Amino acid sequence: MEGPLDAGPRRASAAVSTAGSTSSGREARATAMPWARFSAWLECVCVVTFDLELGQALELVYPSDFRLTDKEKSSICYLSFPDSHSGCLGDTQFSFRMRQCGGQRSPWHADDRPYNSKAPLALQREPAHYLGYVYFRQVKDSSVKRGYFQKSLVLVSRLPFVRLFQSLLSLIAPEYFEKLAPCLEAVCNEIDQWPAPVPGQTLNLPIMGIVIQVHIPSRVDKLESSPPKQYDQENLLPAPVVLTSVHELDLFRCFRPVLTHVQTLWELMLLGEPLVVLAPSPDMSSELVLALTSCLQPLKFCCDFRPYFTIHDSEFKELTTRTQAPPNVVLGVTNPFFIKTLQHWPHVLRIGDPKMSGDLPKQVKLKKPSRLKTLDTKPGLYTAYTAHLHRDKALLKRLVKGVQKKRSWDAQSALLRRHFLELTQSFIIPLEHYMASLMPLQKNITPWKSPPQIRPFHQDDFLRSLEHAGPQLTCILKGDWLGLYRRFFKSPHFDGWYRQRHKEMAQKLEALHLESICEANIEAWIKDKSEVEVVDLVLKLREKLVRAQGHQLPVKAVTLRRTQMYLDTVIGSLPKDLQAVLCPP
């Protein structure tokens, strides 16, 4: 049941009022669309309540004209409430990820390419899934029949900015639960005046009387963790609240029960192995799943993942079937029923409520999958997998020492993040070097011939190259690196990495070819060419120019201008009737 809230006229006026302050005409036109700025951050805001007759019900969707299919509405309802096993009293924040069901996209959606072309691969907009950020409140209330007030406020987005959206919810939700719809409408209108998230920019985002300052990561940012910079405050009043990251989780808190197994878990993620994370509550399950999928950065996590998943999900049968091998997905669950349902999965991680054992929480033990039989299975990592690389004992010692010295959790998380980053980079650098060697030499790119092809990737050749250019050059960890690479070749992450790199190299090749054409003497070339050949050149140049202007080719602005001049020159050399066909009025 959706709410009747209609803020159409107010939305439009809010958007138009911000358009005048933009310097770019294109930006102003985009901003003049109702909800253009809002939709750069969020798809919609939902309120889910508990109805005695219907169960979970959608009370409100804002903007009211945002189109969700019935299946999407049902999924949001079930994923926005902890299941009955969690017993979450008070306020709980967690997140979920659900598949889009192919409903018609809303008319105010902008093109994702400008943002995605500059954003780190791991932070690109989701093309086929929605991310839900939930603030759930369950408190005793004698005025309600069941004796409890139960409601969730949900931000639905395609941006993986978990830290930003959870911070937003902690501001908005308590206020909303007190003041309801008018408060939500005011907040959405404020978001509709925010500047769009542009990778590399630091933005000031006003909300509910404060200003949140965030930096939107870009591909050219340094990857290592460093203390947050204090950007220019521009004499803002009130002084902005600086959010150190839009997406990074508190890794140390997430991994505390499994610190002795981070090496094994990193390998399972790298290989795209199916993994179930069973936790006591949706906040613990969703945080651990997101932490696991983030530990491969700068690699993009190419498998499916569900931070919180329930038996009511529309994809429950698809993901739990025994008629085929388990899918490449990381599943966060809280219902112990999943242990019985997913007994055939090769890796199950069960964590309990944190119990201290000395300086660290009690660490889960490695256990054989055959011991995974009853609903009251004890915490543990149930797997037959043997890690290829040796455990980094020095890392664990540093973390324990940090706890003893009362080092901040931010510093502990930075230590873990650096460990994962260095491990992933040590693994990927040899692949990058080998891939670069497959690129044709620039001297072989000539203006009047099609650019040469990228040579094929031969796994055996790559493995032979590891002897003198392997991960041992940058990583102290010993172990069976060759075996790990062989398994990696069969994983979705190798396929995703290779396709992305091949696409980037092909675009680079096309850009170099365009530059070589711009540096050639085109007037001399067209002198002895037939009209058919000249028209063919015009069509090919025009196609390249369109691709380059659409951010699909990495070319400089000067090359674009020169290409346009060349096009004008070539078209000017043709008879008037052909010019009229190629450049209609």
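In this text the structure is predicted, and so the values were computed from the model without any measurement.

Calculation rules
- Residues numbered from 1 in each chain as written.
- Predicted model: local features only at pLDDT ≥ 70, side-chain atom pairs only at ≥ 80, totals over all residues.
- Heavy atoms only, no water.
- Buried < 20%, exposed > 50% of the residue type's maximum accessible area, 1.4 Å probe, protein only.
- Helix = DSSP H or I, 4+ residues; strand = E, 2+ residues; numbered from the N terminus.
- Pairing = 2+ DSSP bridges.
- Phe/Tyr/Trp six-rings, centres within 6.5 Å; stacked < 30°, edge-to-face > 60°.
- Axes fitted to C-alpha atoms, helices over the stretch in contact; angles between N-to-C directions.
- Contact = heavy atoms within 4.5 Å.
- Parallel < 35°, antiparallel > 145°, perpendicular 65-115°, else oblique.
- Left-handed = near helix turned anticlockwise from the far one by under 90°.
- Nonpolar A, V, L, I, M, F, W, Y, C, P; charged D, E, K, R; others polar.
- Core = buried A, V, L, I, M, F, W, Y, C linked by side-chain atoms within 4.5 Å.
- Salt bridge = Lys/Arg side-chain N within 4 Å of Asp/Glu carboxyl O.

Enquirer: Quick question: what am I supposed to make of the pairing of strand E11 (residues 329–333) here?
Expert: Within a regular beta strand, the side chains point alternately toward one face of the sheet and then the other, so they alternate between its two faces. Along E11, five of the five residues are buried, which leaves the element largely enclosed by surrounding structure. Residue alternation in E11 divides its side chains into two sets, Val329, Leu331 and Val333 and Val330 and Gly332, and both sets are buried. Taken together, the four bridges between strand E9 (residues 275–278) and E11 define a ladder with parallel strand orientation. Opposite Val276, over in E11, you have Leu331 as the bridge partner. For strand E10 (residues 304–306) and E11, the ladder comprises three bridges, and the chain directions are parallel. Bridge assignment links Arg306 to a residue of E11, and that residue is Leu331.

Enquirer: Just checking my understanding: could you explain the packing of aromatic side chains for this structure?
Expert: What describes a pair of aromatic rings is the distance from one ring centre to the other and the angle between the planes of the rings. All chains considered together, the criterion is met by 34 aromatic pairs. Seen in terms of ring centroids, Phe457 and Phe494 are 5.4 Å apart; in terms of plane orientation they differ by 65°. Their pairing is edge-to-face. Here Phe494 lies in helix H17 (residues 492–519) and Phe457 lies in the loop between helix H14 (409–437) and helix H15 (459–469), a separation of 37 residues in the sequence. Judged by its relative accessible area of 10%, Phe494 is buried. Aromatic side chains Phe462 and Tyr485 sit 5.2 Å apart centroid to centroid with 75° between the ring planes, which places their arrangement in the edge-to-face category.

Enquirer: What should I look at first to understand the pairing of strand E4 (residues 129–140) in this one?
Expert: A large share of E4 lies buried, amounting to 10 of its 12 residues. For strand E3 (residues 90–99) and E4, the ladder comprises 10 bridges, and the chain directions are antiparallel. Paired with Ser95 across the two strands is Tyr133, which belongs to E4. Across 10 bridges, the pairing between E4 and strand E5 (residues 148–157) is antiparallel. The partner of Val139 across the bridge, within E5, is Phe149.

Enquirer: Would you explain the sheet that holds strand E1 (residues 44–51) in this entry?
Expert: One key point about sheets: their strands pair by backbone hydrogen bonds, in either a parallel or an antiparallel sense. Read from one edge of the open sheet, five strands run E2-E1-E5-E4-E3, paired in antiparallel fashion. Bordering the open sheet on either side are strand E2 (55–62) and E3, each of which pairs with just one other strand. This sheet shows a mean twist of 25° between the axes of neighbouring strands, independent of strand direction. Judged from the seven bridges that link them, E1 and E2 form a sheet pairing that is antiparallel. Note on E2: the bridge partner recorded for Val48 is Leu58. Helix H7 (residues 181–191) contacts E1, E2 and E5 of the sheet and is inclined by roughly 50° relative to E2.

Enquirer: I keep staring at the sheet that holds strand E12 (residues 347–350) and nothing clicks. Help me out?
Expert: Taken together, six strands build an open sheet; the order of strands is E10-E11-E9-E12-E16-E15 and the sheet is mixed. The open sheet terminates on both sides in strands that have one partner only, identified here as E10 and strand E15 (366–367). Note that E15 and strand E16 (residues 380–383) share two bridges and pair parallel. By the bridge assignment, Leu366 is partnered in E16 with Leu381. Against the sheet, helix H10 (residues 282–294) contacts E9, E10, E11 and E12, and its axis sits at roughly 160° relative to E11.

Enquirer: What's the story with the packing of H17 against helix H20 (residues 557–572) in this structure? I'm lost.
Expert: In helix packing, the relevant descriptors are the interaxial angle and the interaxial distance, both defined with respect to the helix axes. Packing of H17 against H20 brings their axes to within 10 Å, and their N-to-C directions diverge by 55°. Here H17 lies oblique to H20, going by the angle between them. Like other packed secondary-structure pairs, H17 and H20 cross with a definite hand, here left-handed. Contact with H17, carried on its side by Leu514, Glu515, Ile517, Cys518 and Glu519, involves Thr559, Arg562, Thr563 and Tyr566 of H20 and no other residues of that element. Taken together, the residues of the contact of H17 with H20 sort by class into four nonpolar, two polar and three charged.

Enquirer: Help me out: how do you make sense of the nonpolar core in this one?
Expert: Ranked by size, the top nonpolar core spans 111 residues in total, and within it Trp41, Phe255, Trp266, Leu349, Phe427, Leu431 and Phe457 carry the most contacts. Not counting chain neighbours up to four residues away, the residues in contact with Trp41 comprise Ser157, Leu159, Phe161, Leu164, Phe165, Trp194, Pro195, Ala196, Pro197, Leu203, Leu205 and Ile216.

Enquirer: Which parts of the structure should I look at to understand the pattern of salt bridges?
Expert: Pairs can form between side chains of opposite charge whenever their charged atoms are close. Inspection of the entire model under this criterion finds 21 salt bridges. Arg501 serves as the salt-bridge partner of Glu504, at 2.9 Å between the closest nitrogen and oxygen. One end of the pair is Glu504 and the other is Arg501, both in helix H17 and three residues apart, which spans about a single turn.

Purely spatial values, then, with no claim about function.
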